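# Coordinate analysis (summary)
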Amino acid sequence: MAARIIDGKAIAAKVREKIKSTVALLKAKGFTPGLAVVLVGDDPASRVYVGMKKKICVELGMYSADHELPESTSEAELLALIGQLNADERVHGILVQLPLPAHIDTDKVLEAISPMKDADGFHPYNVGRLAIGKPILQPCTPYGVMVMLDEIGYDLNGKEVVVVGRSNIVGKPVALMCLSRHATVTICHSRTKDLADVVRRADVVIAAVGKPEMVKGDWIKPGAVVIDVGINRVGEKKLVGDVEYAAAAERAIAITPVPGGVGPMTIAMLLQNTLESAQRTIGGK
Ligand code: NDP
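Residues numbered from 1 in each chain as written. Predicted model: local features only at pLDDT ≥ 70, side-chain atom pairs only at ≥ 80, totals over all residues. Heavy atoms only, no water.

## Observations regarding the overall build of the chain
In terms of helices and strands, the chain carries 10 helices and 11 strands. Here the chain has a C-alpha radius of gyration of 19 Å; the compact-globule value for 285 residues is 19 Å, and the two agree. Its C-alpha atoms give the chain principal-axis dimensions of about 50 × 40 × 40 Å. Taking all 285 residues of the chain together, the buried fraction comes to 48%. (Helix = DSSP H or I, 4+ residues; strand = E, 2+ residues; numbered from the N terminus. Rg over C-alpha atoms; globule rule 2.2 N^0.38 Å. Buried < 20%, exposed > 50% of the residue type's maximum accessible area, 1.4 Å probe, protein only.)

See the structure below:
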């Protein structure tokens with residue numbers, strides 16, 4: 001049986017529609033959720049991401065505060081701006097686009113963001129809250145993966161999940177999220193022995209490696225769900241995931257394509273986080 005294709009574009013559009021209608025309700029009561037996006041330097045890819053984030057923010061009716069700083073910005077200047085944004089009542093989410101220039105200490109900057117406005121969910125406080133099973137703001141890509149599993153009605157309770165990759169932005173947080181849903185979770189990485197055998201056990205495979213098609217189709221247990229977070233450029237234009245898609249799709253019950261799978265979810269969840277922060281602000285007043 002052919003695998004169900006998990007359509008990230010459609011799911012992200014649904015998330016955005018829901019955010020838009022909630023924002024409209026809040027605005028009718030005189031309250032506008034806001035996101036501040038901070039870009040330091042001229043990295044072309046970062047500029048594209050920041051442009052997309054701002055555009056969607058405005059489309060959803062949110063307030064967008066836009067801070068584009070030169071490459072020469074000092075750490076102290078950036079920290080001062082973060083301090084202002086932390087205090088700005090119009091701003092409920094703050095996103096500092098990474099990577100930052102080498103002369104700026106990224107950890108210091110991320111830790112300066114108020115954990116309650118940490119739209120990326122990277123602040124150690126939010127990482128800790130996730131680890132103890134009481135998340136506040138969650139990292140966007142893994143949060144998007146959970147929404148996709150919910151959309152296909154997949155219950156993780158008691159299932160074997162194998163996460164390939166242990167980064168702080170994808171592998172580790174997605175593993176914690178699956179654990180909190182009562183899955184039995186294995187995290188694999190570059191030193192894992194017999195990766196193929198570990199993946200073969202999985203009811204759900206989540207690949208976040210950054211290596212084109214390194215998870216082979218014949219590693220997938222028949223009937224498994226495959227979530228491919230990887231985005232790898234092959235040649236001039238082609239994008240492929242971390243999973244050998246065509247062969248995996250023959251065995252899986254459901255699979256995310258690349259592109260059009262997890263990718264579109266990330267920005268949608270950034271706006272979701274901003275909305276949740278804004279709603280928490282109102283709740284706390
Ligand atoms: P990292 O490079 O930070 O982490 C990659 C992980 O894969 C590491 O834990 C590494 O292990 C592991 N790994 C590398 N080689 C192997 C191997 N041969 N066998 C098993 N594990 C291996 O990547 P990210 O987590 O940041 O990103 C992963 C992928 O997801 C990338 O393609 C990225 O572009 C994509 N991505 C997509 C997003 C989206 O959809 N919006 C958002 C974020 C990322 P070790 O720790 O031992 O080095």
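## What about a nonpolar patch on the surface?
A contiguous nonpolar surface patch, about 290 Å² in accessible area, is contributed by Val48, Tyr49 and Met52. Structurally, Met52 can be placed in helix H2 (residues 44-59). Under the relative-accessibility criterion, Met52 is labelled partly exposed at 39%. (Patch = residues over 30% accessible without salt bridge, like charges linked within 9 Å, V, L, I, M, F, W, Y side chains within 5 Å. Areas by Shrake-Rupley, 256 points an atom, 1.4 Å probe, with all protein chains shown as cover. Salt bridge = Lys/Arg side-chain N within 4 Å of Asp/Glu carboxyl O.)

## As for the packing of helix H1 (residues 8-28) against helix H6 (residues 140-151)
Two numbers describe how H1 lies on H6: the axes approach to 11 Å, and their chain directions differ by 100 degrees. By the criterion of interaxial angle, the relationship of H1 to H6 is roughly perpendicular. Only Val147, Met148 and Glu151 of H6 make contact with H1, whose side of the interface consists of Gly8, Ile11, Lys14 and Val15. (Axes fitted to C-alpha atoms, helices over the stretch in contact; angles between N-to-C directions. Parallel < 35°, antiparallel > 145°, perpendicular 65-115°, else oblique. Contact = heavy atoms within 4.5 Å.)

## With respect to the pairing of strand E4 (residues 93-96)
Residues Gly93 and Leu95 point to one face of E4 and Ile94 and Val96 to the other, with burial holding for every one of them. The pairing of strand E2 (residues 34-40) with E4 spans 4 bridges and is parallel. Residue pairing across strands places Leu35 opposite Gly93, the latter belonging to E4. (Pairing = 2+ DSSP bridges.)

## Considering the state of the cysteines
In this structure the tally under the stated criterion is 0 disulfides. Free cysteine: Cys57, not disulfide-bonded; nearest cysteine sulfur from Cys140 at 13 Å. For the unlinked cysteine Cys188, the closest cysteine sulfur is that of Cys178, found at 13 Å. You can call Cys188 buried: its relative accessible area is 1%. (Disulfide = S-S within 2.5 Å.)

## Structural notes on the nonpolar core
As a rule of thumb, nonpolar side chains are buried together in soluble globular proteins. If you look at the biggest cluster of nonpolar residues, it comprises 53 residues, and the most contacted ones within it are Leu156, Ile206, Val225, Ile227 and Leu271. Looking at this core, the element that brings in the most residues is helix H10 (residues 263-284), giving 8 residues. In contact with Leu271, not counting residues within four places along its chain, are Ile19, Leu35, Ile56, Cys57, Leu60 and Met62. Val164, Leu195, Trp219 and Ala248 belong to the second largest nonpolar core, which has 21 residues in total. (Core = buried A, V, L, I, M, F, W, Y, C linked by side-chain atoms within 4.5 Å.)

## A word on the side chain of Lys117
Counting through the fold element by element, Lys117 comes out in the loop between helix H4 (106-112) and helix H5 (124-131). Polar side-chain contacts of Lys117 include one of 2.9 Å to the backbone oxygen of Leu85. (Polar contact = N/O pair within 3.5 Å; in protein donor to acceptor, adjacent residues only side chain to side chain.)

## A few points about the sheet that holds strand E5 (residues 160-164)
Here 6 strands make up an open sheet; going across it, the order is E1-E11-E8-E7-E5-E6 and the pairing parallel. Each edge of the open sheet is held by one strand with a lone partner, namely strand E1 (4-5) and strand E6 (184-188).

## Brief notes about H2
Along its 16 residues, H2 runs 23 Å from first to last C-alpha, staying within 8% of the 22 Å computed at 1.5 Å per residue. Buried within H2 are the following residues: Ser46, Val50, Lys53, Lys54, Ile56 and Cys57. What you see down the axis of H2 is that its buried residues fit within an arc of 165 degrees, all on one side. For H2, the exposed residues set more than 90 degrees away from the buried face come down to Pro44, Lys55 and Val58. Where H2 ends, the next residue or the one after it, Gly61, has phi of about 85 degrees, a positive value. (Expected span 1.5 Å × (residues − 1). Arc of directions from axis to C-beta.)

## So, the site of the ligand
Around the ligand lies a shell of 22 residues, among which Arg166, Ser167, Ser190, Ile231 and Thr266 are the nearest. Interatomic distance of 3.1 Å between a side-chain N/O atom of Lys211 and a nitrogen atom of the ligand. Protein contact buries 70% of the 930 Å² of open area that the ligand shows by itself. Each residue belonging to the shell around the ligand can be placed in one class, and the counts come to 10 nonpolar, 10 polar and 2 charged. (Near = heavy atom within 4 Å. Nonpolar A, V, L, I, M, F, W, Y, C, P; charged D, E, K, R; others polar.)

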